[in-house]
Amino acid sequence: MSRQTLHEGWVLRAVPGPQVPAEVAGRSVPATVPGCVHTDLLAAGLIPDPYLDDNETRLGWIGRTDWVYETTFAAQPGDADRVDLVCAGLDTVATVTLNSTEVGRTENQHRGYRFDLGDLLRPGANTLTVRFDSPYRYAEAHRERLGDRPNAYPEPFNFIRKTACNFGWDWGPTLVTAGIWQEIGLHAWSTARLAAVRPLVTVSGDTGRVELSVEVERAADVPLVVRAEVAGVTVEVTIPARERTAVATLTVRDPERWWPAGYGEQPLYPLTVTLHAPDGRTLDTWSRRIGFRSVRLDTTPDARGTPFVLHVNDVPVFVKGVNWIPDDVFPNRVTRQRLAERLTQAIGANVNLIRVWGGGRYESADFYELADSLGLLVQQGFLFACAAYPEEEPFRTEVEAEAREHIVRLAPHTSLVLWTGNNENIWGWHDWDWQQPLAGRTWGRGYYLHLLPRIVDELDPTRPYWPGSPWSGREDTHPNDPGHGTTHIWDVWNTDDYAKYREYVPRFVAEFGYQAPPAYATLRRALSDEHLAPDSPGMAHHQKAIDGDRKLRRGLDAHLPAPADFDDWHYLTQLNQARAIQLGVEHFRSHQPVCMGTIVWQLNDCWPVTSWAAVDGDGHRKPLWYALRRAYADRLLTVQPRDGGLALVAVNDTTEAWRTPATVTRCTLAGEPRAKTSVDLDVPAYASVALALPAELARPDEARRELLVAEAGATAERALWFFAEDREIEWPAAEMEATVEPVDGGQLVQVTARAILRDLTLFPDRLHPSAEVDQALVTLLPGDSAVFTVRADIPLDPASLTTRPVLRCVNDIRRHPLPL
């Protein structure tokens, strides 16, 4: 057996057409494989960077053009029974030829392909050509043939099995790609090979079990031996001649259990499978790292409706989640190192689950291996989003093939705990005026309620399947009913203020979010606007949400002082995003165990854009990230409205009871106490306790000059409650002392408050794009101090670190705003 990668020597050219620019027509340029047309043209200097300014708008012709990739490679004669061309991913409508003879055709980006080359491979030089037809032409032809289907955007993404958000989204550019986006190469083999290995891993009591299903492809009808080994346990099974499948069971005594982040460790065991010929020769090898854990989903109806509770190792897990989109439009840019950085940022924000959204891609082996090692639970969506999808051929066959491929591929990954049928499509059919234009045509129901659950039950019965997000659990209950199953909350942001989160007591919130612009360094890298403003040309183009800026302004008007300039606007919109999500998360967590999960939209961005992300397209953490870290802390103190008054809620998401004294003080902005109470917290593991506050604490004398401070020593971050909105509060001037001290690898900025400082935040990326800070959104009472650790590739100017616009707080906003 041998493998030969075919990643070198590729060239790319456009098939002639009137839409192809003169500077591209007739030219061949070097191509990177894996890669795509956009990045190759960019590297050749033939297109501008699609992520800068409004360059995206000048590149629509790429998705309407046919492209040809070609390489010549040397092959040496061998004695293998078979030589296959293995294409891990072709994007999307491809015709593959070797030495001018067609080898195969593809029409699904989400599948891998293997072609038997037979006698087409020559000794010496061989020419391999992959022609990609225009994704638009393919999708529009199927739309014309089958009849249109409603979707959220005026693009035909639901008529092609391709990354939907390539066609644009309310956070993403329209950059319709083509290319050899995953590995390609030759695989020479004899007798037989491992075609599929599917371990189903379970654990009960002190016994772990691996039920291993193996499928082989044959070139000879001889008996074969499969040997599997894990944790010191080895088994062998024979596959008789002419048969293709076998099942082996490995039983492991006392395995260490794998736990989600925050619940325990993540031990992983190497599982190795080898295939042997009758004479003992090793024909093929497969290996992965697996963990032992159980998972189940509890949706047993109760007095409040239908819960949605994920149990790992029989422990109910409050899901502290984030939604995940492709981290770049161009997947060849998403390296393992970049994924490690992004998933580590999730762990740093106390996240324990990532939901892979259905409008992107089935995530990579790198992604899942990192999630396995970090303890990040993964909810993988099948790839359907915000549209009615046809169920006719060729789509039904393609959907089944891709589902089978990825269920088998991802089965070894312990982090994967839930499959989801689609994103918002069942909801869309109910509420988005789809039924009349559909006029009885198929829209995807058969996929979500029949095909996909049947395949999951066949191939991966160890994991739960949920037909949609949102989904109530049954067709006779509205799919987005917050009392049943999972819900998405989007009236907040679209039409209502974020205080409305408190009107919901959902069982599980799978999407909710609030927008803000990216980091200042990201804006300055991506935009050439001489003067940045919310409506300057570059800012306007990088705001993809309908009425996005108006919604941002509505949120500011409800809560915060009016911005005087762009620097104020940038700080306040980022602050408002953080406040909105922190309010929502703390409210939902305070209703545990009625509510057992929140998945914030969204962790990441794929390019520089104003969006709902906590981490922007350049990898900078926005203030929302710091707010998430606080709101998702294992032990949370929060003050919440309850029954016409206020309550102190303590949430304990740890394995041990939380017993500690706590105080709640009503004080003035100057720090003068007006009333105080002491309580002894006793919160069981994985539970919450709400304690009503006495009236003398819940009712201020002067709402615009007072706040509540709840403290439990070092066991949790203190909680604050203001009786008025920031725009109404009579803030004193932002008086402070700030010093900067160099330390190894960075600088310490110490700030001592002489007056209250509300949501004090450092933005060191304004001084250098590499700069980052360890904390943000710190409210200091008079006399309090905070130390910020800033790290950057170069020393930063101390004076700039301690003044506007780098060091900000709410009460440094000028009182006489300028028009924006």
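The structure contained in this document is the topic of the report that follows.

Cut-off values and rules
- Residues numbered from 1 in each chain as written.
- Predicted model: local features only at pLDDT ≥ 70, side-chain atom pairs only at ≥ 80, totals over all residues.
- Heavy atoms only, no water.
- Helix = DSSP H or I, 4+ residues; strand = E, 2+ residues; numbered from the N terminus.
- Buried < 20%, exposed > 50% of the residue type's maximum accessible area, 1.4 Å probe, protein only.
- Contact = heavy atoms within 4.5 Å.
- Areas by Shrake-Rupley, 256 points an atom, 1.4 Å probe, with all protein chains shown as cover.
- Polar contact = N/O pair within 3.5 Å; in protein donor to acceptor, adjacent residues only side chain to side chain.
- Pairing = 2+ DSSP bridges.
- Axes fitted to C-alpha atoms, helices over the stretch in contact; angles between N-to-C directions.
- Phe/Tyr/Trp six-rings, centres within 6.5 Å; stacked < 30°, edge-to-face > 60°.
- Lys NZ or Arg CZ within 6 Å of the ring centre and 35° of its normal.
- Expected span 1.5 Å × (residues − 1).
- Bend = angle between axes of the 7 residues up to and from the residue.

On to the overall build of the protein chain. When helices and strands are counted, the protein chain shows 16 helices and 46 strands. Along the longest, intermediate and shortest principal axes, the C-alpha atoms of the protein chain span 90 × 65 × 65 Å. Per-residue burial over the protein chain gives 60% buried out of 820 residues. Counting contacts in the protein chain only where the partners sit at least 6 residues apart, residues at least 24 apart contribute 70% of the total. If you sum the accessible surface of the protein chain, you get close to 30,400 Å²; carbon and sulfur atoms cover 48% of it.

So, on to the side chain of asparagine 99. Tracing the backbone shows asparagine 99 in the loop between strand 7 (93-98) and strand 8 (101-107). By relative accessible area, which is 11% here, asparagine 99 ends up buried. In this structure the side chain of asparagine 99 is engaged in a polar contact, spanning 3.0 Å, whose partner is the backbone oxygen of leucine 120. If we ignore the near neighbours within four places in the chain, the residues touching asparagine 99 are Leu120, Arg122, Asn126 and Thr127.

Here 4 strands make up an open sheet; going across it, the order is 1-14-5-9 and the pairing antiparallel. The sheet is open, and its two borders are formed by strand 1 (2-5) and strand 9 (113-116), each paired with just one other strand. Taken over all neighbouring pairs, the strand axes of this sheet differ in orientation by 25° on average, direction set aside. Across 4 bridges, the pairing between strand 5 (residues 82-87) and strand 9 is antiparallel. The partner of aspartate 84 across the bridge, within strand 9, is aspartate 116.

Attention now moves to the packing of aromatic side chains. Taken as a whole and judged by the stated rule, the model has 41 aromatic pairs. Centroid distance phenylalanine 384 to tyrosine 389: 5.0 Å. Interplanar angle 85°. Geometry classified as edge-to-face. Ring geometry for tyrosine 571 and phenylalanine 763: centres 6.0 Å apart, planes at 80°, overall edge-to-face. In this pair, tyrosine 571 sits in helix 13 (residues 566-590) while phenylalanine 763 sits in the loop between strand 42 (757-762) and strand 43 (772-773), placing the two residues 192 residues apart along the sequence. When sorted by exposure, tyrosine 571 lands in the same class as phenylalanine 763, which is buried. Chaining the aromatic ring pairs together yields one cluster made of Tyr153, Phe157, Trp169, Trp171, Trp357 and Trp601. When the ring centre of tyrosine 136 is taken as reference, the NZ or CZ atom of arginine 64 above it lies at 3.9 Å. A cation sits over an aromatic face here: arginine 589 above phenylalanine 318, 5.9 Å from the ring centre.

Turning next to the sheet that holds strand 33 (residues 635-642). An order of 33-34-37 is seen for the 3 strands of this open sheet, with the pairing classed as antiparallel. Only two strands of the sheet have a single partner each, and these edge strands are strand 33 and strand 37 (687-692). Averaged over neighbouring strand pairs, the angle between their axes works out to 25° when direction is ignored. Strand direction decides the pairing type here: strand 34 (residues 645-652) and strand 37, joined by 6 bridges, are antiparallel. Each bridged residue has a counterpart across the sheet, and for alanine 647 the counterpart in strand 37 is alanine 692. Contacts from helix 13 reach strand 33, strand 34 and strand 37 within the one sheet, and its direction differs from that of strand 33 by about 90°.

What follows concerns helix 8 (residues 445-459). Along an α-helix, a turn takes 3.6 residues, which lines up residues three or four apart on a common side. Under the 1.5 Å per step criterion, the end-to-end length of helix 8 is 21 Å for 15 residues, consistent within 8% with the ideal 21 Å. A bend of about 30° at leucine 451 is the largest found in helix 8, and the proline proline 453 appears one to four places after it. The complete set of buried residues in helix 8 reads Gly446, Tyr447, Tyr448, Leu451, Leu452, Ile455, Val456 and Leu459. Contact partners of the buried residues in helix 8: strand 15 (192-204), helix 5 (395-410), strand 28 (416-420), helix 6 (425-431) and strand 29 (465-466).

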